[in-house]
Amino acid sequence: MGCMQSTLPPPPFEINESILGQSKESYDYLLYLGFEPLDIAYLYRAFDDIDGDSRGVVSVEEIKDYLQIHPATSPQLIDYLFTSTNASLNRVNFLQFSVGLWNFLSSSDFVT
């Protein structure tokens, strides 16, 4: 496990209407926010790597495991990701994950 294991460019993101957060509408929304198709592909690669049970959602525990963060700690990014997206059952789908990261990284609360 670990962050971005491969240095090869990821395959293009594939729209899957049957999985919440991976629809054409979700993809178009990410483009609207300013993501480039390659950005979306990299985000999806990370999301897919984190999604240990391949259910199309990631949990707090999966993110901590992937980033090798002690289970008892909760970094600001993880807290923000799950509170800003109104994540149900402490799980986020790909769109929520991407938008949560976008919000976190563009928030004036976290810019130094």
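Here we summarise the structure given alongside this text. Every value quoted in this text rests on a predicted model; they were computed, and no experiment measured them.

**What about helix H5 (residues 94-106)?**
For H5, spanning 13 residues, the distance from its first C-alpha to its last is 18 Å, which sits close to the expected 18 Å at 1.5 Å a residue. What H5 keeps buried is the set Phe94, Phe97, Ser98, Val99, Gly100, Leu101 and Phe104. The opening residue of H5 is Asn93, an N-cap whose side-chain oxygen sits 3.0 Å from the backbone nitrogen of Leu95.

**Focus: the packing of helix H3 (residues 60-67) against helix H4 (residues 76-84)**
To characterise two packed helices, one gives the angle between the axes of the helices and the distance between these axes. Between H3 and H4, the shortest axis-to-axis distance is 11 Å and the interhelical angle comes to 155 degrees. On the basis of the axis angle, H3 is roughly antiparallel to H4. In this structure, H3 crosses over H4, and the sense of that crossing is right-handed. From H3, Val60, Ile63 and Lys64 reach across to H4, where they touch Ile78, Leu81 and Phe82. Looking at the contact of H3 with H4, its residues break down into five nonpolar, no polar and one charged.

**Notes on the packing of H4 against H5**
In contact at an axis separation of 9 Å, H4 and H5 are set at 120 degrees when each is read in the N-to-C sense. Between H4 and H5, the angle is such that the two are oblique. Remark: the crossing between H4 and H5 carries right-handed chirality. Between H4 and H5, the residues in contact are Gln76, Leu77, Tyr80, Leu81 and Ser84 and Gln96, Phe97, Gly100, Leu101, Asn103 and Phe104, respectively. Of the residues contributing to the contact of H4 with H5, the split by class is six nonpolar, five polar and no charged.

**Overview of the pattern of salt bridges**
By the definition in use, this model includes four salt bridges. In this structure, the salt-bridge partner of Asp53 is Arg55, at a minimum N-O distance of 3.7 Å. In this structure Arg55 comes out as exposed when scored by relative accessible area, which is 55%. Among the salt bridges present, the one from Glu62 reaches Arg91, with a minimum N-O distance of 3.8 Å. Within this pair, whereas Glu62 is found in helix H3, its partner Arg91 is found in strand S2 (residues 91-93), the two being separated by 29 residues in sequence. When salt bridges that share partners are traced, they join Asp53, Arg55, Glu62 and Arg91 into one network.

Analysis parameters
- Residues numbered from 1 in each chain as written.
- Predicted model: local features only at pLDDT ≥ 70, side-chain atom pairs only at ≥ 80, totals over all residues.
- Heavy atoms only, no water.
- Helix = DSSP H or I, 4+ residues; strand = E, 2+ residues; numbered from the N terminus.
- Expected span 1.5 Å × (residues − 1).
- Buried < 20%, exposed > 50% of the residue type's maximum accessible area, 1.4 Å probe, protein only.
- Polar contact = N/O pair within 3.5 Å; in protein donor to acceptor, adjacent residues only side chain to side chain.
- Axes fitted to C-alpha atoms, helices over the stretch in contact; angles between N-to-C directions.
- Parallel < 35°, antiparallel > 145°, perpendicular 65-115°, else oblique.
- Left-handed = near helix turned anticlockwise from the far one by under 90°.
- Contact = heavy atoms within 4.5 Å.
- Nonpolar A, V, L, I, M, F, W, Y, C, P; charged D, E, K, R; others polar.
- Salt bridge = Lys/Arg side-chain N within 4 Å of Asp/Glu carboxyl O.

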